[in-house]
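# Commentary on secondary and tertiary structure
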Amino acid sequence: MAESKYVGNVFVVSRLGQLRNVQNFIKQFDAKENILIIQYSVADGPILKNMIEICERNLYVEVIYLKLPKQPLHVRKKKNIKMYNSIQQTLNYILEEKYEFNNLFLCNADKW
C-alpha cells in the first residue's frame, strides 16, 4: 500500500476576500502543508483571474480548481447532482493522491 502524504489543512474558498483571509491565517499561524481548493463558476471569470494572481502558491502543497455550474445557488435537481459529483470527484482525487489532513476549512459566502 502506498504511503500517505500528510497535509495539515485543506482550505475551500470561492471569493477573493476568503483567499486573502486564508493566506493571512496561514502566515499568522505558520500553518504548513496546506491544500487550497478554489470553487468557481463560469460567471466568476474576472474573480477567478484575480484569485489566481494573488494566490501565493508557496503556501500550498497543491491548488485545486473546482468548477461549479453557473449560478450554483439557484437550486435545481440536475445542477445539485452536477455539483455533488464535482465535489465528490475532487474529494476522491485528494484521497487517491493519498493525502491525509487534520483540518478542513470551508469558507462560506452567503448570498441570499
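Residues numbered from 1 in each chain as written. Predicted model: local features only at pLDDT ≥ 70, side-chain atom pairs only at ≥ 80, totals over all residues. Heavy atoms only, no water.

## Digging into the pairing of strand 3 (residues 60–67)
The two faces of a sheet get side chains in turn, since along a regular strand they alternate between them. Where strand 2 (residues 34–40) lies against strand 3, 7 bridges are found, and the strand directions are parallel. Of the residues in strand 3, the one forming a bridge with Asn34 is Tyr60. Running through helix 2 (residues 45–54), the crossover from strand 2 to the neighbouring parallel element strand 3 is right-handed. (Pairing = 2+ DSSP bridges. Helix = DSSP H or I, 4+ residues; strand = E, 2+ residues; numbered from the N terminus. Right-handed = clockwise from strand over helix to strand, strands pointing away.)

## Points about the environment of Ala31
Tracing the sequence through the fold places Ala31 in the loop between helix 1 (16–28) and strand 2. Taking the C-alpha atoms as reference, Ala31 lies 7.9 Å from Asn9; in sequence the two are 22 residues apart. In this view, Ala31 contacts Asn9 and Ile26; residues no more than four positions away in its chain are not counted. (Contact = heavy atoms within 4.5 Å.)

## Considering the pattern of salt bridges
Inspection of every chain in the model, using the stated rule, returns 5 salt bridges. Linking Glu97 and Lys5 is a salt bridge whose minimum nitrogen-to-oxygen distance equals 3.2 Å. With Glu97 in the loop between helix 3 (77–96) and strand 4 (99–106) and Lys5 in strand 1 (residues 5–13), this residue pair connects regions lying 92 residues apart in the sequence. What makes Glu97 partly exposed here is its relative accessible area of 28%. Ionic pairing is found between Lys27 and Glu56, a salt bridge with its closest N-O pair at 2.7 Å. Residue Lys27 is found in helix 1, and its partner Glu56 is found in the loop between helix 2 and strand 3; the two are separated by 29 residues along the sequence. Judged by relative accessible area, which is 44%, Lys27 ranks as partly exposed. (Salt bridge = Lys/Arg side-chain N within 4 Å of Asp/Glu carboxyl O. Buried < 20%, exposed > 50% of the residue type's maximum accessible area, 1.4 Å probe, protein only.)

## Quick look at unusual backbone geometry
At Asp30, a residue that is not glycine, the phi angle is positive and equals roughly 50°. Of note in this structure, Glu33 is not a glycine but carries a positive phi near 55°.

## Observations concerning the sheet that holds strand 4
Strands pair in a sheet through their backbones, by hydrogen bonds, and they do so in one of two ways: parallel or antiparallel. Taken in spatial order, the 4 strands of this open sheet run 3-2-1-4, and their pairing is parallel. One side of each edge strand has no neighbouring strand; the edge strands of this open sheet are strand 3 and strand 4. Ignoring strand direction, the axes of neighbouring strands in this sheet form an average angle of 20°. Helix 1 contacts strand 1, strand 2, strand 3 and strand 4 of the sheet and is inclined by roughly 145° relative to strand 1. The sheet strands contacting helix 3 are strand 2, strand 3 and strand 4, and the helix crosses strand 3 at an angle near 160°. (Axes fitted to C-alpha atoms, helices over the stretch in contact; angles between N-to-C directions.)

## As for the confidence of the model for the chain
When pLDDT is averaged along the chain, the result is 87; 91% of the residues meet or exceed 70. By mean pLDDT, helix 3 is the weakest element of the chain at 86, and helix 1 is the strongest at 96. (pLDDT = per-residue confidence, 0-100.)

## Description of the nonpolar core
With 15 residues, the main nonpolar core has Val13, Leu19, Ile26, Leu36, Ile38 and Tyr60 as its most contacted residues. Elements represented by at least two residues in this core include exactly strand 1, helix 1, strand 2, helix 2 and strand 3. Other than its neighbours up to four places away in sequence, Tyr60 contacts Leu19, Val22, Gln23, Ile26, Asn34, Ile35, Leu36 and Cys55. Core analysis: the second largest hydrophobic core is formed by 11 residues, Val12, Ile64, Leu68 and Ile94 among them. (Core = buried A, V, L, I, M, F, W, Y, C linked by side-chain atoms within 4.5 Å.)

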